[in-house]
Amino acid sequence: MTDLGEKMQRIYFDHSATTPVDPEVIREMLPYFTEKFGNASSLHSFGREARYAMENARSRVAMLIGASPEEVIFTSGGTESDNIAIKGIAFRSKSKGNHIITTKIEHPAVLATCRWLERQGFAVSYLPVASDGVVSPEDARAAITEKTILISIMHANNEIGTIQPIEEIGRMARERGIAFHTDAVQSVGKIPVDVKKMNIDLLSLSSHKIYGPKGAGALYIRKGVFIDTIIHGGGHERGLRSSTENIPGIVGLGKACELAQARMAADGARLSKMRDRIIKTVLGGIEESYLNGHPTKRLPHNAHFRFTGIEGESLLLRLDEKGIAVSTGSACSSKSLEPSHVLTSIGLNPVDSHGSLRVTLGRENTEEEMDYFLKVLPEVVKELRAMSPVWQHREDIEKWKKTMEKR
Ligand code: PLP
């Protein structure tokens, strides 16, 4: 099927941005738009029907992460879960302290929340990461003060796919009585997550990253952990997230979790094999190409490269013309010309960060699509480098950089 490009069939390699909704998920959701449209708070049969579906979905979400159903609340997605968790703990624990620890490579849903809290009088430590994107538990330990009330460290990074040692950091937080939150939006459903084993107090997840609908998510809050409410209203979701529940979305999330659990081992094995083939072929076949992120502690579906002398944007657009959808930075920051905060945090200079490419595979991808991609990518890189002054003069640039470093 090497003529995919000519036929303009589209190939989607951007599953960390979002995923298509699984047909089985859609099938389960549909009746909740039509005949089963009830409000889960209503006492009549329509309401009871909606509530039953919601509680069934809650059990499925809980099962996927090793929680009890009563420890899960539904939200509108990963961003809202992060906000409810972080602000909720911060305001609840204000009398104990005002210090929060997070990392420099969190998703904006965590970083912007922390920056806002700084403006409300909280102090935040942003931990650095190594060049492979891994945060050191030692750095986390060293950052703890008597005023630390929360540690929030993502499970897996949305750009470079690096998986963090959260079990160890969670244990450390638990020993010191500090709440531990993890943004697991990219890892849940892809790799095993067990909130009990991993010592997690609060965990954010999102439906649209796991073949569920957009606009649905969940927050796990361990029994015995208390947070302040930041969304006030009619008292839905134990008073922590008021608003009439999005039953079709919640049903979809529940089904997506059930499918993810059933498919995780097989999908993970297949995708990591495909990912490794991409990595090997690209690094072996394209000169001055590099892998970003950790070589093994990475999400099974994520390959993240940088290519000397190329603009990631141009690469993305040329591949798009050939029918292949990938990403450069993360989807949320790709509209900005700023280099990605994740790539600069792993030590890349702005020029190198701009030459990056994220390939994130998913359930529906095939070997034929990979063949086509691996044929097209080197051609596109060659074509762009032929037009790139940075590539033509790379040796002079390197010499100049060395001279500057010596000064
Ligand atoms: N956290 C991470 C790590 C993400 O990758 C994303 C989405 O890209 C979010 C949070 C936000 O999730 P949502 O789009 O469901 O609000």
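Basis of the calculations
Residues numbered from 1 in each chain as written. Predicted model: local features only at pLDDT ≥ 70, side-chain atom pairs only at ≥ 80, totals over all residues. Heavy atoms only, no water. Pairing = 2+ DSSP bridges. Helix = DSSP H or I, 4+ residues; strand = E, 2+ residues; numbered from the N terminus. Axes fitted to C-alpha atoms, helices over the stretch in contact; angles between N-to-C directions. Contact = heavy atoms within 4.5 Å. Core = buried A, V, L, I, M, F, W, Y, C linked by side-chain atoms within 4.5 Å. Buried < 20%, exposed > 50% of the residue type's maximum accessible area, 1.4 Å probe, protein only. Domains from an automatic or database assignment. Near = heavy atom within 4 Å. Polar contact = N/O pair within 3.5 Å; in protein donor to acceptor, adjacent residues only side chain to side chain. Parallel < 35°, antiparallel > 145°, perpendicular 65-115°, else oblique. Left-handed = near helix turned anticlockwise from the far one by under 90°. Patch = residues over 30% accessible without salt bridge, like charges linked within 9 Å, V, L, I, M, F, W, Y side chains within 5 Å. Areas by Shrake-Rupley, 256 points an atom, 1.4 Å probe, with all protein chains shown as cover. Salt bridge = Lys/Arg side-chain N within 4 Å of Asp/Glu carboxyl O. Buried area = accessible area lost by both parts, 1.4 Å probe. Nonpolar A, V, L, I, M, F, W, Y, C, P; charged D, E, K, R; others polar. Phe/Tyr/Trp six-rings, centres within 6.5 Å; stacked < 30°, edge-to-face > 60°. Lys NZ or Arg CZ within 6 Å of the ring centre and 35° of its normal.

Draft legend 1. Representation of the sheet that holds strand E7 (residues 202–206). If you trace the seven strands from one edge of the open sheet to the other, you get E2-E8-E7-E6-E5-E3-E4, paired in mixed fashion. The open sheet has two edge strands with one neighbour each: strand E2 (72–75) and strand E4 (123–127). Averaged over neighbouring strand pairs, the angle between their axes works out to 20° when direction is ignored. Helix H3 (residues 45–65) rests against E2, E7 and strand E8 (217–221) of the sheet, and its axis sits at about 115° to E2. Against the sheet, helix H5 (residues 108–119) contacts strand E3 (99–103), E4, strand E5 (148–152) and strand E6 (179–183), and its axis sits at roughly 145° relative to E4.

Draft legend 2. The arrangement of the nonpolar core in detail. Counting 58 residues, the largest nonpolar core has Ile65, Ile151, Leu203 and Leu253 as its most contacted members. Element by element, the count of residues in this core is highest for helix H8 (residues 247–285), at nine residues. Counting contributing residues, this core receives three or more from each of domain 1 (4–20 + 264–390) and domain 2 (23–260). If we skip the residues at most four places from it in the chain, Ile65 touches Val188, Val193, Asp194, Val195, Leu203, Leu205 and Tyr220. One finds Phe307, Leu319, Val326 and Val381 within the second-largest nonpolar core, a separate group that totals 29 residues.

Draft legend 3. Representation of the site of the ligand within the structure. With respect to spatial proximity, 13 residues lie near the ligand, and among them Thr79, Asp183, Gln186, Ser206 and Lys209 are the closest. Between Ser206 and the ligand, the recorded distance is 2.6 Å, taken from a side-chain N or O atom to an oxygen atom. Contact between the ligand and His208: an oxygen atom at 2.9 Å from a side-chain N or O atom of the residue. Broken down by element, the residue count for the shell around the ligand peaks at three residues, all from helix H4 (residues 78–92).

Draft legend 4. Region of the structure containing the packing of H8 against helix H12 (residues 367–386). In contact at an axis separation of 11 Å, H8 and H12 are set at 15° when each is read in the N-to-C sense. Classified by the angle between their axes, H8 and H12 sit roughly parallel to one another. In this structure, H8 crosses over H12, and the sense of that crossing is right-handed. Two secondary-structure elements touch here, H8 through Met274, Arg277, Ile278, Thr281 and Val282 and H12 through Glu367, Met370, Asp371, Phe373, Leu374 and Leu377.

Draft legend 5. Summary view of unusual backbone geometry. Of note in the backbone geometry, Arg238 takes a positive phi value of approximately 55° without being a glycine. Here Arg238 lies in the loop between E8 and H8. Residue Arg238 is classed as exposed on the basis of its relative accessible area, which comes to 53%. For Ser243, which is not glycine, the phi torsion reads 140° and is therefore positive. Inspection of the secondary structure assignment puts Ser243 in the loop between E8 and H8. Owing to a relative accessible area of 36%, Ser243 belongs among the partly exposed residues under this scheme.

Draft legend 6. Structural detail: a nonpolar patch on the surface. On the surface, a nonpolar cluster with roughly 450 Å² of combined accessible area is contributed by Val351, Val390, Ile397, Trp400 and Met404. Element by element, the count of residues in the nonpolar patch is highest for helix H14 (residues 394–406), at three residues. Residue placement: Val351 occurs in helix H11 (residues 350–354).

Draft legend 7. Spotlight on the sheet that holds strand E9 (residues 289–291). The strand order E9-E10-E12 describes an open sheet built from three strands, whose pairing is antiparallel. Edge positions in the sheet fall to E9 and strand E12 (356–360), since each has one partner strand and no second. Across the sheet, the mean angle separating the axes of adjacent strands is 25° when strand polarity is ignored. Pairing of strand E10 (residues 302–307) with E12 involves five bridges; the strand directions are antiparallel. Residue pairing across strands places His304 opposite Arg358, the latter belonging to E12. Across the sheet, H8 touches E9, E10 and E12, and the angle it forms with E10 is around 15°.

Draft legend 8. Here's a closer look at the domain arrangement of the protein. In terms of domain boundaries, the protein breaks down into domain 1 (4–20 + 264–390) and domain 2 (23–260). Ranking the residues of domain 1 by area buried against domain 2 places Met264, Leu299 and Arg363 at the top, with a combined share of 25%. Where domain 1 packs against domain 2, one counts zero salt bridges. There are 17 residue pairs in polar contact (both at pLDDT 80 or more) connecting domain 1 and domain 2. Contributions of two or more residues to the side of domain 1 that touches domain 2 are made by E10 and helix H10 (341–345). Per element, the largest residue contribution to the side of domain 1 that touches domain 2 is four residues, and it comes from H10. In terms of residue class, the side of domain 1 that touches domain 2 is made up of nine nonpolar, 17 polar and five charged.

Draft legend 9. Molecular detail of the packing of aromatic side chains. A complete count under the given rule lists five aromatic pairs for this structure. For the pair Phe13 and Phe373, a centre-to-centre distance of 5.3 Å together with 90° between the ring planes defines the contact as edge-to-face. Placement of the pair is Phe13 in the loop between strand E1 (11–12) and helix H2 (23–29) and Phe373 in helix H12, with a sequence separation of 360 residues. A residue is classified by how much of its surface remains accessible, and Phe13, at 0% relative accessible area, is buried. The class of Phe373 is buried, set by a relative accessible area of 0%. Between Phe91 and Phe122 the ring centres are 5.6 Å apart and the planes differ by 90°, which places this aromatic pair in the edge-to-face class. Here Phe91, found in helix H4, pairs with Phe122, found in the loop between H5 and E4; they are 31 residues apart in sequence, far enough to count as distant. By relative accessible area, which is 5% here, Phe122 ends up buried. Every member of this aromatic cluster is reached through a ring pair, and the members are Phe91, Trp116 and Phe122. Lying over the aromatic face of Trp116, Lys87 brings its terminal NZ or CZ to 4.8 Å of the ring centre.

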